[in-house]
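Coordinate analysis (summary)
Below, each chain spelled out in residue letters.
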Amino acid sequence: MSGHMNLTLKVWRQKDAKAAGKLETYEAKDVSPDMSFLEMIDVVNESLIKKGVEPIAFDHDCREGICGACSMYINGHAHGPKQGITTCQLHMRSFKDGETITIEPWRAKAFPIIKDLVVDRSAFDRIIQAGGYVSVNTGVTIDANAIAIPKEHADNAMDAATCIGCGACVAACKNASATLFLSAKVSQLALLPQGHPERAARVEAMIDQMELEGFGNCTNTEACSAECPKEIGQEHIARMNREFYAAKLSSSKTK
Amino acid sequence: MSWFTQTIFSTSVGRKVIMALTGLFLCTFLAVHLAGNFQLLHNDGGKAFNLYTVFMTSNPLIKTISYVNFAFILGHVVWGAYITYKNRQARPTGYAYNDPGKTSSFSSRWMGVLGTMILIFLIIHLKDFKMAYLGITHKLDLVTYTLDNGDQVEVKNMYDEVIEEFHEPVVVGIYVLSMIALGFHLYHGFQSAFQTLGLRHPKYTPVIKSAGFIFWGLIPLGFAIIPLIIFFCRN
Amino acid sequence: MILDSKIPDGPLAEKWTKHKFNLKLVNPANKRKYNIIVVGTGLAGASAAASLAELGYNVQAFCFQDSPRRAHSIAAQGGINAAKNYPNDGDSVYRLFYDTVKGGDYRAREGNVHRLAEVSVNIIDQCVAQGVPFAREYGGLLDNRSFGGSQVSRTFYARGQTGQQLLLGAYSALSRQIHAGKVKMHTREEMLDLVMIDGQAKGIVTRNLETGAIDTHAAHAVLLCTGGYGNVFFLSTNAQGSNVTAAWRAHKHGALFANPCFTQIHPTCIPVSGDHQSKLTLMSESLRNDGRVWVPKAKGDKRKASEIPEDERDYFLERKYPSFGNLVPRDVASRNAKEQCDLGKGVGTSGLAVYLDFAESISRLGEDTVRARYGNLFDMYAQITGENPYKEPMRIYPAVHYTMGGLWVDYNLMTTIPGLYALGEANFSDHGANRLGASALMQGLADGYFVVPYTVGDYLATIGPKAIDAKHPAFAEAKAKVEAQTKKLLAIKGTKTVAEYHRELGHIMWEYCGMARNDAGLRKAQVLIQELRADFWKNVNVTGTNEELNQQLERAGRVADFLELGELMVVDALNRSESCGGHFREESQTEEGEALRNDNDFCYVAAWEYTGDNQPEVLHKEVLKFESVKLTQRSYK
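Quick caveat: nothing in here was measured; it's all calculated off a predicted structure.

**Things to note about the overall build of chain A**
- Looking only at helices and strands, chain A features eight helices and seven strands.
- In terms of overall dimensions, chain A has a C-alpha envelope of 60 × 40 × 35 Å along the principal axes.
- Split into buried and exposed, the 255 residues of chain A put 67% on the buried side.
- Long-range pairs, those at least 24 residues apart, make up 70% of the contacts in chain A between residues at least 6 apart in sequence.
- Carbon and sulfur atoms make up 52% of the accessible area of chain A, which amounts to about 8300 Å² in all.
- Counting 28 positive and 32 negative side-chain charges, chain A places the centres of these two groups 4 Å from one another.

**Here we look at the domain arrangement of chain A**
Residues and elements named next belong to chain A.
- When its domains are assigned, chain A resolves into domain 1 (5-115) and domain 2 (121-250).
- In this structure, domain 1 and domain 2 have C-alpha centres spaced 29 Å apart.
- At the junction of the two partners, domain 1 supplies 24 residues and domain 2 supplies 21 residues.
- Buried area between domain 1 and domain 2, both sides added, is near 1600 Å², and the carbon and sulfur share of it is 56%.
- Linking domain 1 with domain 2 are one salt bridge.
- Here Asp59 makes a salt bridge to Arg121, at a shortest N to O gap of 3.5 Å.
- The interface formed by domain 1 and domain 2 holds six residue pairs in polar contact (both at pLDDT 80 or more) in total.
- Split into classes, the residues belonging to the side of domain 1 that touches domain 2 amount to 11 nonpolar, 10 polar and three charged.

**Some words on the sheet that holds strand S21 (residues 618-623) of chain C**
Residues and elements named next belong to chain C.
- The four strands lie next to each other as S16-S10-S20-S21, forming an open sheet whose pairing is antiparallel. Both outer strands of the open sheet, strand S16 (406-407) and S21, are each paired with one neighbouring strand and no more.
- When strand S20 (residues 604-609) meets S21, the two strands line up antiparallel, connected through six bridges. Its bridge partner lying in S21, Trp608 is registered against Leu619.
- Across the face of the sheet, helix H16 (residues 551-575) comes into contact with strand S10 (257-258), S20 and S21 while running at roughly 145° to S20.

**Topic: the arrangement of the chains**
- For the two pairs of chains in contact, the largest share of contacts goes to chains A and C.
- As for chain C relative to chain B, no contact occurs, and the smallest C-alpha gap between them is 20 Å.

**Brief notes about the packing of helix H8 (residues 235-250) of chain A against helix H2 (residues 12-37) of chain B**
- Where H8(A) contacts H2(B), the two axes come as close as 11 Å, and the packing angle between them is 95°. With respect to H2(B), the axis of H8(A) lies roughly perpendicular. Across the interface between the two elements, Met240(A), Asn241(A), Phe244(A) and Tyr245(A) from H8(A) touch Val13(B), Gly14(B) and Val17(B) from H2(B).
- Within the contact of H8(A) with H2(B), the residues separate by chemical class into five nonpolar, two polar and no charged.

**Structural notes on the interface of chain B and chain A**
- In this assembly, 40 residues from chain B lie in contact with 49 residues from chain A.
- The contact between chain B and chain A buries some 3600 Å² in all, and 51% of this surface belongs to carbon and sulfur atoms.
- Scanning the region where chain B abuts chain A turns up two salt bridges.
- The tally of links between chain B and chain A comes to 27 residue pairs in polar contact (both at pLDDT 80 or more).
- Counting residues per element, the ones that place at least two in the side of chain B that touches chain A are helix H1 (3-10), H2, helix H4 (60-90), helix H5 (106-109) and helix H8 (169-196) of chain B.
- Residue contributions to the side of chain B that touches chain A peak at six residues, all from H2(B).

**Quick notes on the interface of chain A and chain C**
- Between chain A and chain C, the residue contacts involve 77 residues of the former and 77 residues of the latter.
- Taken over both partners, the interface formed by chain A and chain C buries close to 6100 Å², and the fraction arising from carbon and sulfur atoms is 49%.
- Interface area lost by chain A to chain C is led by Asp61(A), Thr138(A) and Met158(A), which between them contribute 11%.
- Counting across the interface, chain A meets chain C through eight salt bridges.
- A salt bridge links Glu500(C) to Lys50(A); its shortest N-O distance comes to 2.8 Å.
- Residue assignment for the side of chain A that touches chain C shows that the elements contributing at least two residues are helix H1 (37-50), strand S6 (113-115), strand S7 (118-119), helix H2 (122-129), helix H3 (151-161) and helix H5 (179-191) of chain A.
- Looking at the side of chain A that touches chain C, the element that brings in the most residues is H3(A), giving seven residues.
- Broken down by class, the residue content of the side of chain A that touches chain C amounts to 40 nonpolar, 17 polar and 20 charged.

**A look at the pattern of salt bridges**
All names here are of chain C.
- In total, this model carries 67 salt bridges over all chains according to the counting rule given.
- A salt bridge links Glu54 to Arg176; its shortest N-O distance comes to 3.8 Å. With Glu54 in helix H3 (residues 43-55) and Arg176 in helix H6 (residues 162-179), this pair connects stretches of sequence that are 122 residues apart. The same class applies to Glu54 as to Arg176, namely buried.
- Across the pair Arg107 and Glu578 runs a salt bridge whose closest N-O atoms are separated by 2.9 Å. Of this pair, Arg107 sits in the loop between helix H4 (93-103) and helix H5 (110-130) while Glu578 sits in the loop between H16 and helix H17 (599-602), and the two are 471 residues apart along the sequence.

**Section: the sheet that holds strand S15 (residues 394-403) of chain C**
- Strand order in this open sheet of five strands is S11-S15-S14-S12-S13 (chain C), and the pairing throughout is antiparallel. If you trace the sheet from one side to the other, it starts and ends with strand S11 (263-269) and strand S13 (313-314) of chain C, each paired once.

**Section: the pairing of strand S9 (residues 221-224) of chain C**
Residues and elements named next belong to chain C.
- Every second residue of S9 is oriented toward a common face, with Ala221 and Leu223 on one face and Val222 and Leu224 on the other, all of them buried.
- Looking at chain direction, strand S1 (residues 35-39) and S9 are connected through four bridges and run parallel. Following the sheet pairing, Val38 is matched in S9 by Leu223.
- As defined by bridge partners, S9 adjoins strand S17 (residues 420-422) across three bridges and the pair is classed as parallel. From the neighbouring strand, Val222 faces S17, where its bridge partner is Leu420.

**Quick word on the domain arrangement of chain C**
Residue and element names in this part refer to chain C.
- We note that the domain assignment places domain 1 (267-400) and domain 2 (473-602) within chain C.
- Distance between the C-alpha centres of domain 1 and domain 2: 30 Å.
- If you look at the interface, domain 1 gives 11 residues, while domain 2 gives nine residues.
- Here domain 1 packs against domain 2, burying approximately 820 Å² in sum over the two surfaces, 59% of which is carbon and sulfur.
- Counting across the domain 1 and domain 2 interface gives one residue pair in polar contact (both at pLDDT 80 or more).
- Of all the secondary structure elements, the ones that give two or more residues to the side of domain 1 that touches domain 2 are helix H9 (330-342) and S15.
- The leading source of residues in the side of domain 1 that touches domain 2 is H9, at five residues.
- In the side of domain 1 that touches domain 2, the residues fall into six nonpolar, one polar and four charged.

**Details of a nonpolar patch on the surface**
Residues and elements named next belong to chain B.
- The grouping of Phe106, Trp110, Val113, Met117, Leu177, Ile180 and Phe184 at the surface amounts to a nonpolar patch, some 660 Å² of accessible area in total.
- Among the secondary structure elements, those contributing two or more residues to the nonpolar patch are helix H6 (111-133) and H8.
- Among the elements that line the nonpolar patch, the one with the most residues is H8, at three residues.
- Turning to its location among the elements, Ile180 is positioned in helix H8.

**Details of the state of the cysteines**
- A full pass over the atoms with the stated rule returns zero disulfides over all chains.
- Cys173(A) takes part in no disulfide bond, and the closest cysteine sulfur, belonging to Cys224(A), lies 6.7 Å away.
- Take Cys173(A): its relative accessible area is 9%, and that puts it in the buried class.
- Just so you know, Cys63(C) is unpaired, no disulfide at all, and the nearest cysteine sulfur is the one on Cys67(A), 12 Å from it.
- The exposure class assigned to Cys63(C) is buried, which follows from its relative accessible area of 3%.

Quick notes on the rules
Residues numbered from 1 in each chain as written. Chains lettered and ligands numbered in written order. Predicted model: local features only at pLDDT ≥ 70, side-chain atom pairs only at ≥ 80, totals over all residues. Heavy atoms only, no water. Helix = DSSP H or I, 4+ residues; strand = E, 2+ residues; numbered from the N terminus. Buried < 20%, exposed > 50% of the residue type's maximum accessible area, 1.4 Å probe, protein only. Contact = heavy atoms within 4.5 Å. Areas by Shrake-Rupley, 256 points an atom, 1.4 Å probe, with all protein chains shown as cover. Lys, Arg positive; Asp, Glu negative; His and termini not counted. Charge placed at Lys NZ, Arg CZ, Asp CG, Glu CD. Domains from an automatic or database assignment. Buried area = accessible area lost by both parts, 1.4 Å probe. Salt bridge = Lys/Arg side-chain N within 4 Å of Asp/Glu carboxyl O. Polar contact = N/O pair within 3.5 Å; in protein donor to acceptor, adjacent residues only side chain to side chain. Nonpolar A, V, L, I, M, F, W, Y, C, P; charged D, E, K, R; others polar. Pairing = 2+ DSSP bridges. Axes fitted to C-alpha atoms, helices over the stretch in contact; angles between N-to-C directions. Parallel < 35°, antiparallel > 145°, perpendicular 65-115°, else oblique. Patch = residues over 30% accessible without salt bridge, like charges linked within 9 Å, V, L, I, M, F, W, Y side chains within 5 Å. Disulfide = S-S within 2.5 Å.

Now the structure itself:
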């Protein structure tokens, strides 16, 4: 086991949504390489409390990379410089002794800052509410094996469904676009027969909602997939685009 | 607004499809334009090139396409500017520390700037050549050729104009730099247009990406090499 | 108080059908006149909120997270059981029922468990219809695997993210109802008290975690779907925010708390690496199919694993349980690992770990096969520990994973407070003293999709659709109480942080009320917890104010409740001097050191009644009657 490290943190502090924020500098002493990034912040927070400074607010919950709550922009990368993981899965052994680490909140008009590193991602919920579901009531169903689904389709749908809704795609995108998030759900349900009856209405409604929330446009930089902790691929965006054209050209919705 | 205009104005995918379709059209235009430019390299004192310019400016079909082409350039620019504006709005406060180089290509992030460079070039280019040809900036000399069928035609000597321009180091420099910008623009733009159109497939996308080399590599190289050849090898 | 489980009469397999017919119905036109509050949006909460809204009720749903999709159900890895018998290997509703009752070491109700097994098949149909991408075979039909020592393959799964996919399915159903205006969703809003009028649950008090605003909400019924309380141990596989507050504050209003000491400890977790540790990460127990568990034979052997020769290793599970070997149930595997570490044979820097070695499997099957089976788990292990499990054995240690105890509920999932329901892990009802793998997801969804939508109607039809008077003084009183507690916490301004108290409580619980418990230890723990609780209220330092996002304040309230619950768990463990399932009393073991039940004295649900601050809780017993299943002693030799 390697030795402990001392780090300098530059952390975005902002009292509330309206206040102006700025980067504050803190020392993180005696950091174990086995700590997760969030545990390192825990330790810093404990020392801040002891000094009478208000601890850094940040979203986190499961700490095993699946709930999608943690959301820090670390040294210029969503969830830090390593790929395919969330901040809670990032360990301090990925940093060097003496390093300066800049920690900022997700930056997007659609994700307003609530406090420090905590942002409001309810726009994602509203996009799903616009149509990211199969309209099926509890109980009114047929046997689970009544419709065979090609394994390849089911596997591809799972690739998309693995999205944790963390917002790293938006944070990493130079345009703060939510296209990858949106496409993951559209693609999942487009690949499964259960999603077919509503596919046209779904993609139109969800894309309209994305527009209302103030996300930017996709420029196909592919940074979203590179920063996505679940490594959701660009093929889902292409599929969503196809769904969109098909819907626009064929649906009877004229307004 | 109809569903169609609404789609292309107020949905992000709709706006993008305008960029993709106009962009791809402009790619084909570049190929045709370059084929014409190669007429400059005939060692015939400019006959092939000058006759080609006549064909390009008088054939009704070509003339129609050229108007469409200008419209598409305009569309590409206007929509591009509008999208860039919307994108800026989507992130009012940027990051204090950002490191996008590891996760996306330079081209993809600088499309707006590269596009603007190409637009500026286009304006200079039109001023230098198109307006000269139309006789707005100055009158071109006339030259008479005998065609294969024996007919005599009198045409504007565009060839001399080009040769003259391409002996100006500044013009050649701007031209070459702009073609580099075009190369980067198309490095992202060409394959990105297919992605936007939803044309992505494990079998065909690699082909598209390879074919992209023609557009981001060979075509800008072809455009850039002509002024260089003229500058260094023709008097 | 007599605890009436309301289990219907008649043959086991007909009870639920008969009961559904006997339940009162609410007229479709009247449903919109009823308001229902659902607290928590995990599998149970999201499925209940969506299903009730579909029926026409007005639902208000609450979660403390920023989105309903983040509830900790999302972290369940392995799968969900259902008695579909697709593989044609002899499964049936009765077998799933039987396995669950036996796995729970005969401390669960037969009636509830049979109903769970019955509706399990509907859950799979429902989830597939929602677009949950379960694993499939090449023919396009659903794949099943065996799980948790079961003799049949009845577990449906979506890679190692089954909980995520099921939760997102329920979340999508919930989202649809939010869009339809039938569910009003309150995110970042935590329930801090229950409002009671005339002995019935009529609303809740919440704190808006963004603004600090304390509000009251009225409803005809309140459903607590707030999960388990494993975080009382500080370190567990639970999410950081998982807490007992909603259930505990309902308990203080008279909802009995059942079997609080029944805790499941999962054997294959990544060991603690230092004091900074904030949570423990579980790895699927499928690893034990191919990994061999061992420790050095010599105490304090600090050599690297590769330097310890074969004859100096003790494969203790294979040695002690020749027929089941490394595949003994969770509680047995966990206890044995602890025993080896207590003997001083633990490995790693902390000495609190045993090896899980794949060397033999890799040499037999090849690294590629092992990678195909466990690649994602190996990657996760490497990510967390920085070690390569293909080259050196994994180190594992047990961790608190699930709490079988919870609010006492009857067959209708109603607590002892009329109008207050508890669903999912928040109730105690289906898993007895030990939960089988892949059964938690099943229970959460069964309660939310297929049980409560029927049973809540019975109560609502009884009380009638008259609007709840939001101006009733009970609301103002409850709100004032919450405000007072918040002020009190902020005013202490002591010297110790909330996390320090939480960690200390966790140490006490793990040490004395963890994998093995004894009379003296439990008595000591009770005193220690009382002292710690008294100190907390004198010396805790909660920074900031109420009127802002204040994570210290949120946690302080939760830890305050854990400090009370912890004592009750100890009291319950002390009372239950038998061993059963996950509850191992050292005084009650067979000659071979196995858990020894005492069916004569303890075949009951221990339901505890709150009687006042710092007052001893009163025990009520619901005697368990077994009509279909014969009680036997488990043996894995």
